[in-house]
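Structure at a glance
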Amino acid sequence: MTSSPSERFDVVILGGGPAGHACAVEASACGRSVAVIEASELGGTCLNRGCIPTKLFLGATDCVHELAAQAKMRVASGSIAIDLPALQDRKAKMLAGNRQAIEKDLSARGITLLRGRGTVVAPGMVDVVTAEGTVRVEYGDLVVATGSRPTAFPGMTPDGDRVLDSDGILDLSDVPQSMVIVGGGVIGLELGRFFARLGTSITVVEALDRLAPWEDPEVSKTIAQLCKREKWTIHTGKRVASLVSDGGRARLVLESGDEILAEVALVATGRGPVTEGLGLENAGCRLDRRGFVTVDERLRAADHVWAVGDVNGKAMLAHAASHQGAYVARCISGCDTGNYTPGPMPWCIYGAPETMRVGEMPAELEARGLHPRVSRAMLAANPIAQAHASVQGFVKIAWVDGRVHGVTAVGHGVAHLITQATIMVRDGWTAEDARRIIWAHPTLDEALRHALTADTTDA
Ligand SMILES: Cc1cc2nc3c(=O)[nH]c(=O)nc-3n(C[C@H](O)[C@H](O)[C@H](O)COP(=O)(O)OP(=O)(O)OC[C@H]3O[C@@H](n4cnc5c(N)ncnc54)[C@H](O)[C@@H]3O)c2cc1C
Ligand SMILES: NC(=O)c1ccc[n+]([C@@H]2O[C@H](COP(=O)([O-])OP(=O)(O)OC[C@H]3O[C@@H](n4cnc5c(N)ncnc54)[C@H](O)[C@@H]3O)[C@@H](O)[C@H]2O)c1
C-alpha cells in the first residue's frame, strides 16, 4: 500500500553505488529528471565495503612494508605500530565524509534521493519502502544498479563469529594472530597483505593451481614467491570440505582431511549479484543461471530497463560500473546510439607487490589463433624500484604483428602504470611510438619503455 501519490521521473535508478551515481550525474547533465533509490548507504560497495576502505588500510600500512624492505638493506631499523581501532575510526570518518559529499553532489544537481529498498511492481512502477512508509515512483527508464555481495559455498558460510566475508573482516578492531583465507583472488590477496602488515600469520587455500589464477602465469608465480618470502603458507589446488567456527577458532578441513585452525577465517571466493526480491521479472528482465541480469549489447535488460555495474556481471570493477552507468545515461538521453564498447579494461591488485593488466596476454591471444610475441623489462634495473628496495617483478608486453595487444606488470608501484598501458593497448602502440616520446627520468614508467623497446621472443 503506498502512502502518497506517485511521482514520475524520466530516469529512476535502483542503487547509489558507482554505477548508479555516474548514471544519475550524466542523465541529469543531459537534462533528464532523475531519482536515485538507495536501500543502504550512498557509494555502494566501492565506498563502504570495497575499493576505498581496502586502499585506506593498505595506504596506512605501506610504511610497514617500506620499513621492512629498507631494513633488509640495513639502512633502517625499528618497528611501526599500527593502531587498528584508530584506523577504524579514521575509516568511519572518511567514509561518512565521502557519503555526505555524494549526497550534496546529487542535491546540487537537482537529483532526487529516495532512501529505501526499491522493488519493481509493474512495468513503469517502483515501490520504495522508506522509513516513513512506501512511496511509489513511475519511470520513463529504469536503471538497475544494485551491485553485488559476497558469495559462499555450502559448508563454509560466513557466520559473523570466526568465519567472515570481506564485509566482516573490514570491521575487525582486534588484530587476529592468525587468519586462513579461502580464495587466493584479489580480495584474499589485498586483505591478506593488510593483515600480514599488522602481524597476522596468513594461510591461503586456493582451489585452482595458482594464486590470482586469471593473471599471466609469470605474474602469479612472482606473487606466490613474494608471499612466501613474507612467510605466508599457501595451499594451491586444494579444496575445502568444511569451514566453521568452533570453540573461538575457525576450523577448516580440506577434502584431503587435513585441518587448519586459525583465529579468523576470510571467505573470499567471489561475489554474486543483488537481484533477489527486486521484482525484475515484473519489468520483463531475465537473469542468467548465476542470477546476473542478462543485457544486450547496449546494456538493455528489457524495454526501457537497463542494468549496469556488478549486477550484469560483465566486469565487477568500480571503474567498469561508472563507465557503464554514464554510457546508459547517454543512451537514454539519445546522445549515444552505438553499442557499448568500453575498450580495454584495466585491472590492478593493490598492496605489495602490485599487479596491473590490460588487454590480452599470450594465453588469450593464442586461444584466438594468434601468434603473440612477448618482451619484458625487469624491475631490478629500474632506479625507482631500487630506491624502494623492492626490485622483484617485471613489466611484460604481448605483441601481435608488431603492435601492443596486452601489458601486465607485477612489483613495486606498478598500478601507477595502468593508464599509460591502457592507452598503449587501445591505440596498438609500436616500439617506434615508445621511442618518439620523452620519458621522465628516473621513473617507474621507464620500465614500461624498456619493455616496449626490448627484443621480442616467442610467447
Ligand atoms: C573488498 C573489495 C575491494 C574492492 N576493490 C576494488 C578496487 O580496488 N577497484 C575496483 O575497481 N573495484 C573494487 N571492488 C569492486 C567494486 O566495489 C564494485 O565493482 C563496485 O562497487 C560496483 O559498483 P555498483 O554500483 O555496480 O554496485 P555497488 O557498489 O554494490 O552498489 C549497489 C548499491 O545498490 C544498493 N541496492 C541494492 N539493492 C537495492 C534496492 N532494492 N533498492 C535500492 N538500493 C539497492 C546497495 O545498497 C548499494 O549501495 C572491490 C570490492 C570489494 C568487495
Ligand atoms: N583491486 C580490485 O580491482 C578489486 C579488489 C577487490 C575486489 N574486486 C572485485 O571483487 C570481485 C570478487 O573478489 P574475490 O577475491 O572474492 O573473487 P576472485 O574471483 O577475484 O577470486 C576468488 C578466488 O577464489 C577461488 N575459489 C573459488 N572457490 C573456491 C573454493 N571453494 N576454495 C578455494 N578457493 C576458491 C577462485 O579460484 C579465485 O582464485 C573480483 O572479481 C573483483 O571484480 C576488485
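Residues numbered from 1 in each chain as written. Chains lettered and ligands numbered in written order. Predicted model: local features only at pLDDT ≥ 70, side-chain atom pairs only at ≥ 80, totals over all residues. Heavy atoms only, no water.

The UniProt record marks residues 9-325 with the feature "domain: FAD/NAD(P)-binding" (unreviewed entry), using the residue numbering of this structure. Helix makes up 32% of residues 9-325 and strand 28%, and the two end C-alpha atoms of the span are 17 Å apart. (UniProt positions renumbered as here; feature names shortened; annotations may be inferred. Helix = DSSP H or I, 4+ residues; strand = E, 2+ residues; numbered from the N terminus.)

What follows concerns the site of ligand 1. For ligand 1, the set of nearby residues contains 38 residues, the closest of which are Glu-38, Thr-45, Lys-55, Asp-310 and Ala-318. Here Glu-38 contributes a side-chain N or O atom positioned 2.6 Å from an oxygen atom of ligand 1. For ligand 1, an oxygen atom lies 2.7 Å from a polar atom in the side chain of Lys-55. Against a free-state accessible area of 990 Å², the protein chains account for coverage of 93% of ligand 1. Tallied by class, residues from the shell around ligand 1 come to 16 nonpolar, 15 polar and seven charged. (Near = heavy atom within 4 Å. Polar contact = N/O pair within 3.5 Å; in protein donor to acceptor, adjacent residues only side chain to side chain. Areas by Shrake-Rupley, 256 points an atom, 1.4 Å probe, with all protein chains shown as cover. Nonpolar A, V, L, I, M, F, W, Y, C, P; charged D, E, K, R; others polar.)

Turning our attention to the sheet that holds strand β11 (residues 233-236). Across the sheet, five strands lie side by side as β8-β15-β9-β10-β11; this open sheet has parallel pairing. The two strands at the open ends of the sheet, each matched to only one other strand, are β8 (163-164) and β11. Where β8 meets strand β15 (residues 264-267), two bridges bridge the pair, whose relative direction is parallel. Along β15, the bridge assignment pairs Leu-164 with Leu-266. (Pairing = 2+ DSSP bridges.)

A word on the site of ligand 2. Every one of the 22 residues lining ligand 2 counts as a neighbour, but Glu-190, Glu-206, Gly-270, Met-316 and Cys-348 are closest to it. At 2.6 Å from an oxygen atom of ligand 2 is found a side-chain nitrogen or oxygen belonging to Glu-206. Between ligand 2 and Gly-270, the relevant distance is 2.9 Å, taken from an oxygen atom to a main-chain nitrogen or oxygen of the residue. Of all the secondary-structure elements, those providing two or more residues to the shell around ligand 2 are α6 (186-198) and β10 (201-206). Along the lines of polarity and charge, the residues of the shell around ligand 2 split into 15 nonpolar, four polar and three charged.

Next up on the list: the sheet that holds strand β20 (residues 354-359). In sheet architecture, strand pairing relies on hydrogen bonds along the backbone and comes in two forms, parallel and antiparallel. Taking strand neighbours across the sheet as the criterion, the six strands line up as β19-β20-β23-β22-β21-β24 in an open arrangement whose pairing is antiparallel. Edge strands, defined here as strands with exactly one partner in the open sheet, are β19 (347-349) and β24 (457-458). Note that strand β21 (residues 373-378) and β24 share two bridges and pair antiparallel. The partner of Val-374 across the bridge, within β24, is Thr-457.

As a further point, take the packing of helix α3 (residues 51-72) against helix α4 (residues 84-108). For the pair α3 and α4, interaxial distance at closest approach is 11 Å and the crossing angle is 135 degrees. Taken together, the axis directions place α3 and α4 in an arrangement best described as oblique. α4 is crossed by α3, and the crossing has right-handed handedness. Across the interface between the two elements, Ile-52, Pro-53, Leu-56, Phe-57 and Ala-60 of α3 pack against Leu-87, Gln-88, Arg-90, Lys-91, Met-94 and Leu-95 of α4. Across the contact of α3 with α4, the residue classes tally to eight nonpolar, one polar and two charged. (Axes fitted to C-alpha atoms, helices over the stretch in contact; angles between N-to-C directions. Parallel < 35°, antiparallel > 145°, perpendicular 65-115°, else oblique. Left-handed = near helix turned anticlockwise from the far one by under 90°. Contact = heavy atoms within 4.5 Å.)

Turning our attention to helix α11 (residues 418-427). Buried within α11 we find Ile-418, Ala-421, Thr-422, Met-424 and Val-425. Viewed end-on, α11 has its buried residues packed into an arc of 165 degrees, placing them on one side of the element. Turned more than 90 degrees from where α11 packs its buried face, Thr-419 and Arg-426 sit exposed. Structurally, α11 contributes buried residues whose contacts are with β19, β20, β23 (403-411) and α13 (445-453). (Buried < 20%, exposed > 50% of the residue type's maximum accessible area, 1.4 Å probe, protein only. Arc of directions from axis to C-beta.)

Next up on the list: the UniProt feature "binding site: FAD" (unreviewed entry) in the chain. Cross-referencing UniProt, the feature "binding site: FAD" (unreviewed entry) maps to Lys-55, Gly-118, Thr-146, Gly-147, Ser-148, Asp-310, Met-316, Leu-317, Ala-318 and His-319 in the present numbering. Spatially, the listed residues are scattered: they cover 265 residues, and their C-alpha atoms lie as much as 30.3 Å apart. Positionally, Gly-118 belongs in strand β4 (residues 117-122). By relative accessible area, Gly-118 is classed as buried at 5%. Topologically, Ser-148 is positioned in strand β7 (residues 148-150). Residue classification places Ser-148 among the buried residues on the basis of a relative accessible area of 6%. Other than its neighbours up to four places away in sequence, Ser-148 contacts Thr-45, Arg-271, Gly-272, Pro-273, Val-274, Asp-310 and Met-316.

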